[in-house]
Amino acid sequence: MAAFLRPGERQPGAFGVSFDADRGNAGTAVLHNPNARLALSDQRRRLPVFEHRREILYLVEHHAVTVIVGETGSGKTTQIPQYLLEAGWCASGRMVACTQPRRVAAMTVAARVAEETGGVLGREIGYAIRFEDVSTPDVTKIRFCTDGVLLREMLDDPLLTRYSVVMVDEAHERSMATDTLLGLLKKVLRRRPDLRLVISSATLEADKVAAFFDTATLRGKAAAAAGGLRRTPALLSVAGRCHDVQVHYLEQPAPDYVRAAVTAAADLHATGLPGDILMFLTGQDECEAAVRMLEEEARRGRRERASGLRLMPAALYAGLPAAAQLAALEPPPRGYRKVVAATNIAETSVTIPGVCYVIDCCYAKVKVYDPLSGMEALLAAPISRASAAQRAGRAGRTRPGHCLRLCTEAAFAELPAASVPEMQRAELAGTVLQLKALGVDNIMAFDWLAPPPAEAMVRALELLHALGALGDDARLTRPLGLRISELPLDPRLGAALLAAGRLGCAGDMATVAAMLCVQSVWFAGGGERRALEAAKEKFAVAEGDLVTYLNVWKAWEASGRSGRWAHRHLVNHRTMLRAADIRRQLLQHLWRLGIKPEEVEGSDDAPVRRALAAGLFHNAAQLAETTYESRDAAFAGTHVYRLLRSTGPGLPPRLRIGAASVLARTRPQWLVFYQVQLGAGGFHDMTDVAAIEPGWLPELAPHMFHYVRDAARG
Ligand code: ADP
Ligand code: MG
């Protein structure tokens, strides 16, 4: 069993610590939100931001930019937009926008605010995420949306004239879209003295953001029009009302943090003390694995004697269908203790009421980008101490709590203080294309909140040029570049879709693109791994995952989109419905562009694979070595792929087909892939793979042809 140690102290008990702070509550009924029984209006008045209501409204009126810092749960997201509405900022048909880096946050927060205002979601209070707009023109006053959606709106309405106030929420997350949005909003403010910007953040790094806006931006006419508007951003700090959280560390490092987290949760449960448990893991697989192990615990442990509570495990990650995400947030039924295994989605953006214990693996999956090789991959990396503090804070929401960090105290001290903004560690093609479409031609000179590395920008320009989206002068090409930028897809998939239009298979390509926009179509909910493998095998083809998705789609369509069919084949019906909706929207885009969404008759999938190659040629790879020489027996015999394009100096990335791919056992000589994940042994594990013919590449991507020839020769 894992032993936990309070800093500088050694005590007996389940974790080597005592939970005295909670003893008094042990016998009482489990109350998840002490305010839950109050009328909603009383709940609102009890939130820390309420004391600052007048101040916030004053600052917003008199400053172009107001930065508000407050702990998670203090009421920033749900309350401030309502204050603005109540104060008249939504008069004369204008709206308040509130952006979120995460889809699930936009949805849940909108639902909560609609409930608080006594309205129906989608009327006065609405939300918009990619491919889903639940708002009503001329009726919606507060619109919660992802930062990406607001960026996209700027293509149609660059000055965001529909909005009187834009609240950029969760700014501390420094998502790529948030950073881009802030840079663009700085320009918009110069042209629109009537616009107000509210930036809210859970951490004090807000100083940096405030300094970014602290330039005397209003000159000449704009200054006159703005009257007495202050140019310096206002900075307001809202005191949180968080309870103490005791932090505990491991005495010895844990070799397997998923198992350690499950053991810790089971031990906590055995103490009989009330309160829900939130564990932070890095991804879908780990969350599902933890839930499976906890279900096993629950079966074995039956009912904990002292408290009479049963374990109720739930997973929470971004790829989960919306309904399942919401279920993980709801209080458990009476007599149950909820254990939520979450990714860092639960770090700041959503509120899970009733959590008293946090178990933190101290890792998160992050995007890392190597501008030299042009490879972006997901990697489980240690989090920053700032993130760890946020995670711990989730335990002190309703009463004093505990946080167990699954690392030693010494290891924790080595973690970086703050995380690197996504802009500086991710692939930039999508962002650069959007800026180009918005008329920002000199990307290097753009006023970045945190400038991305120059090599990353060059790589993005190269890729966009190779896709035909940018011309030799690095300007957006028309119509191709403009069209790609207008499609709500990654530029590579957008290019593939438009190529499919030329190849007469746009309908099929729209299917594949839609399936890539949703997370796994396979039913993940605690199912048997072997049964899932068997189910996959029924649709799997030697042409790879992307064609397999097409087969699943066609079979589901042929069944009349039957839920029973989906259930029988371990296909996630809800995910399929969402993919169907996305597909429908992509087809609408195509109609508007005058492209017929044709589907290929019969089973000839070559046109679709050609179209995929036309978008993903940057990720074309060839089987290089059949066996990989390694001293480590675990990796000997691995089939290694190499990228076809040049990857600059240094060791080229070693690719292999990931375990999740339907091709895990067969190996095409040539393929393109959509994503990679950095796995064990320094391999890049490819997922979403399609077999191609090498002869297609020079024809589909003449810009990169010389790379192909060189690689083939070398
Ligand atoms: P912040 O944005 O400062 O983190 P929020 O405005 O999201 O805070 O939440 C404020 C409070 O509203 C929370 O502490 C919680 O009590 C309540 N709340 C928010 N969302 C929900 C929800 N979906 N269900 C129940 N209570 C909620
Ligand atoms: Mg919030």
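The name that an unreviewed UniProt entry assigns to the chain is RNA helicase, with the source organism given as Elliptochloris bilobata. Annotation of the chain in UniProt includes, under Sequence similarities (unreviewed entry), the sentence "Belongs to the DEAD box helicase family. DEAH subfamily."

Asker: Just give me the short version of the overall build of the chain, but keep the residues and values in it.
Answerer: For the chain, the count of helices and strands is 26 helices and 22 strands. Burial analysis of the chain (714 residues in total) assigns 54% to the buried set. Within the chain, residue pairs in contact and separated by at least 24 positions form 72% of the contacts whose partners lie at least 6 positions apart. For the chain, the computed accessible surface area is about 30100 Å², with 51% contributed by carbon and sulfur atoms.

Asker: Tell me about the environment of Leu-593, and please be specific about residues and values.
Answerer: As for its position among the elements, Leu-593 is in the loop between α23 (573–592) and α24 (606–616). Between the C-alpha atoms of Leu-593 and Leu-498, which are 95 residues apart in sequence, the distance is 9.6 Å.

Asker: Let's hear about the site of ligand 1: which residues, and what values?
Answerer: Close contacts around ligand 1 come from Leu-47, Glu-71, Thr-72, Gly-73, Ser-74, Gly-75, Lys-76, Thr-77, Thr-78, Arg-112, Thr-351 and Arg-397, and that covers them all. For ligand 1, an oxygen atom lies 2.9 Å from a polar atom in the backbone of Gly-75. The separation between an oxygen atom of ligand 1 and a polar side-chain atom of Lys-76 is 2.8 Å. Burial of ligand 1 by the protein chains amounts to 82% of its free accessible area of 560 Å². No other element matches the 3 residues that helix α4 (residues 76–86) contributes to the shell around ligand 1. When its residues are assigned to classes, the shell around ligand 1 shows 1 nonpolar, 7 polar and 4 charged.

Asker: For α23, give the residues involved together with the corresponding values.
Answerer: Along its 20 residues, α23 runs 29 Å from first to last C-alpha, staying within 8% of the 28 Å computed at 1.5 Å per residue. For α23, the set of buried residues is Thr-575, Met-576, Ala-579, Ala-580, Ile-582, Arg-583, Gln-585, Leu-586, Leu-587 and Leu-590. Structurally, α23 contributes buried residues whose contacts are with β5 (132–134), α18 (491–503), α19 (506–517) and α21 (545–558). For α23, the side-chain oxygen to backbone nitrogen distance between the N-cap and Arg-574 is 3.2 Å, and the N-cap itself is Asn-572.

Asker: Now, about helix α20 (residues 529–539): what can you tell me, with residues and values included?
Answerer: Helical periodicity: at 3.6 residues per turn, an α-helix aligns residues three or four positions apart in one direction. Among the residues making up α20, those that are buried are Leu-532, Ala-535, Lys-536 and Phe-539. End-on view of α20: buried residues confined to an arc of 100°, all on one side of the axis. In this structure, α20 carries Arg-530 and Lys-538 as exposed residues pointing more than 90 degrees from its buried face. Each element contacted by the buried residues of α20 is listed here: α21 and α22 (563–568).

Asker: Hey, could you go over the packing of α21 against α23 for me, with residue numbers and the actual values?
Answerer: At a minimum axis separation of 12 Å, α21 and α23 run at an interaxial angle of 95°. The orientation of α21 with respect to α23, classified from their angle, is roughly perpendicular. In this structure, α21 contributes Val-552, Trp-553 and Trp-556 to the contact, and α23 contributes His-573, Met-576, Leu-577, Ala-579, Ala-580 and Arg-583. In terms of residue class, the contact of α21 with α23 is built from 7 nonpolar, 1 polar and 1 charged.

Asker: Could you give an account of the environment of Glu-51, with specific residues and numbers?
Answerer: Of note, Glu-51 is situated in the loop between α2 (40–45) and α3 (53–62). Along the chain, Glu-51 and Ala-239 lie 188 residues apart, while their C-alpha atoms are 9.8 Å from each other.

Asker: An account of the sheet that holds β5 is needed here, citing residue identities and associated values.
Answerer: Sheets are built from strands that pair by backbone hydrogen bonding, the pairs being arranged parallel or antiparallel. Spatially, 8 strands are ordered β5-β4-β6-β3-β7-β8-β2-β9 in an open sheet, and the strand pairing comes out mixed. At either margin of the open sheet sits one strand with a lone partner, and together these are β5 and β9 (234–238). Across the sheet, the mean angle from the axis of one strand to that of its neighbour is 20°, orientation sign disregarded. Relative to β9, strand β2 (residues 65–70) runs parallel, the two being bridged by 5 bridges. By the bridge assignment, Val-67 is partnered in β9 with Leu-235. In the packing of helix α5 (residues 103–116) onto the sheet, contacts are made with β3 (95–100), β4 (125–129) and β6 (142–146), and the angle to β4 comes to roughly 170°.

Asker: Any chance you could break down the packing of α19 against α23 for me, citing the residues and the numbers?
Answerer: Contact geometry of α19 with α23 gives a least axis separation of 8 Å together with a crossing angle of 135°. Taken as axis vectors, α19 and α23 run oblique relative to one another. Where α19 crosses over α23, the two elements pack in a sense that is right-handed. Between α19 and α23, the residues in contact are Ala-506, Gly-507, Ala-510, Thr-511, Ala-513, Ala-514, Met-515 and Cys-517 and Met-576, Ala-579, Ile-582, Arg-583, Leu-586, Leu-587 and Leu-590, respectively.

Asker: I'd like a description of the confidence of the model for the chain, backed by residues and values.
Answerer: Summing up the model confidence of the chain, the mean pLDDT is 85 and the portion of residues at 70 or higher is 88%. Note that residues 1–34 has pLDDT below 50 and, in this model, 72 contacts with residues that lie over four places away or in other chains.

Asker: Can you explain the nonpolar core? Please cite residues and give values.
Answerer: Nonpolar side chains in soluble globular proteins generally cluster together in the buried interior. If you look at the biggest cluster of nonpolar residues, it comprises 118 residues, and the most contacted ones within it are Val-166, Leu-197, Ile-199, Phe-213 and Met-509. Examining the composition of this core, we find that 9 residues originate from one element, α19, more than from any other. Other than its neighbours up to four places away in sequence, Leu-197 contacts Ala-64, Val-65, Thr-66, Val-166, Val-168, Leu-185, Leu-189 and Phe-213.

Asker: Which residues make up the packing of aromatic side chains, and what values go with them?
Answerer: Here the structure, examined in full by the defined rule, presents 7 aromatic pairs. On the basis of an interplanar angle of 65° and a centroid distance of 5.8 Å, the ring pair of Phe-539 and Trp-565 is categorised as edge-to-face. Of the two residues, Phe-539 is situated in helix α20 and Trp-565 in helix α22; the sequence distance between them amounts to 26 residues. For Phe-539, a relative accessible area of 8% puts it in the buried group. When the ring of Trp-553 is compared with that of Trp-556, the centres are 5.6 Å apart and the planes differ by 55°; the resulting orientation is tilted. Of this pair, Trp-553 and Trp-556 both sit in helix α21, 3 residues apart, which is roughly one turn of the helix. Here Trp-556 falls in the buried class, since its relative accessible area comes to 0%. Cluster of aromatic residues (ring-pair linked, three or more members): Trp-522, Phe-539 and Trp-565. Lying over the aromatic face of Phe-212, Lys-186 brings its terminal NZ or CZ to 4.2 Å of the ring centre. Over the ring of Phe-683 we find Arg-654, and its NZ or CZ is 4.6 Å from the ring centre.

About the cut-offs
All residue numbers refer to position in the chain's written sequence, counted from 1. Chain A is the first chain written and ligand 1 is the first ligand written, with later ones labelled in order. Residues qualify for local features only when their pLDDT is at least 70, as the model is predicted, and side-chain atom pairs are given and counted only at 80 or more; totals for whole chains, interfaces and linings, by contrast, use all residues. For the side-chain quantities, the full set of heavy atoms in the structure was used; hydrogens and water were omitted. UniProt positions are given in the numbering used here, feature names are shortened, and annotations may be inferred rather than shown by experiment. A run of H or I in DSSP becomes a helix once it reaches four residues, and a run of E becomes a strand once it reaches two; helices and strands are each numbered from the N terminus. Note on classification: 1.4 Å probe, protein chains only; a residue is buried when its accessible area is under 20% of the maximum for its type, exposed when over 50%, partly exposed between these limits. Whether two residues touch is decided by their heavy atoms; if any such pair falls within 4.5 Å, the residues are in contact. Computed by Shrake-Rupley with a 1.4 Å probe, the accessible areas treat only the displayed protein chains as cover when residues are assessed. To be near a molecule or strand, a residue needs just one of its heavy atoms within 4 Å of it. Polar contacts here mean pairs of N or O atoms no more than 3.5 Å apart (in protein, one a potential hydrogen donor and the other a potential acceptor; neighbouring residues in sequence count only if both atoms are side-chain atoms). Note on residue classes: Ala, Val, Leu, Ile, Met, Phe, Trp, Tyr, Cys and Pro are nonpolar, Asp, Glu, Lys and Arg are charged, and everything else, Gly too, is polar. One fewer than the residue count of a helix, multiplied by 1.5 Å, yields its expected span. Each C-beta atom gives one direction from the helix axis, and the arc is the one those directions make. Every axis corresponds to a line fitted to the C-alpha atoms, with the helix fit spanning only the stretch in contact, and the corresponding angles, defined between N-to-C directions, vary from 0 to 180 degrees. Any angle from 65 to 115 degrees is called roughly perpendicular, while one under 35 is roughly parallel, one over 145 is roughly antiparallel, and all others are oblique. Here, any two strands with at least 2 DSSP bridges between them count as paired. By convention the crossing between two helices is left-handed if the near helix lies anticlockwise of the far one by an angle smaller than a right angle, and right-handed if it lies clockwise. Confidence of the predictor at the level of single residues is given by pLDDT, which spans 0 to 100. Only buried residues count toward a nonpolar core. Its members are Ala, Val, Leu, Ile, Met, Phe, Trp, Tyr and Cys residues joined through side-chain atoms within 4.5 Å. Pairs were defined over the aromatic rings of Phe, Tyr and Trp, the Trp ring being its six-membered one, requiring ring centres within 6.5 Å. Orientation was assigned from the angle between planes: stacked under 30 degrees, edge-to-face over 60, tilted for the rest. Criterion for a charge above a ring: Lys NZ or Arg CZ within 6 Å of the ring centre, and within 35 degrees of the ring normal.

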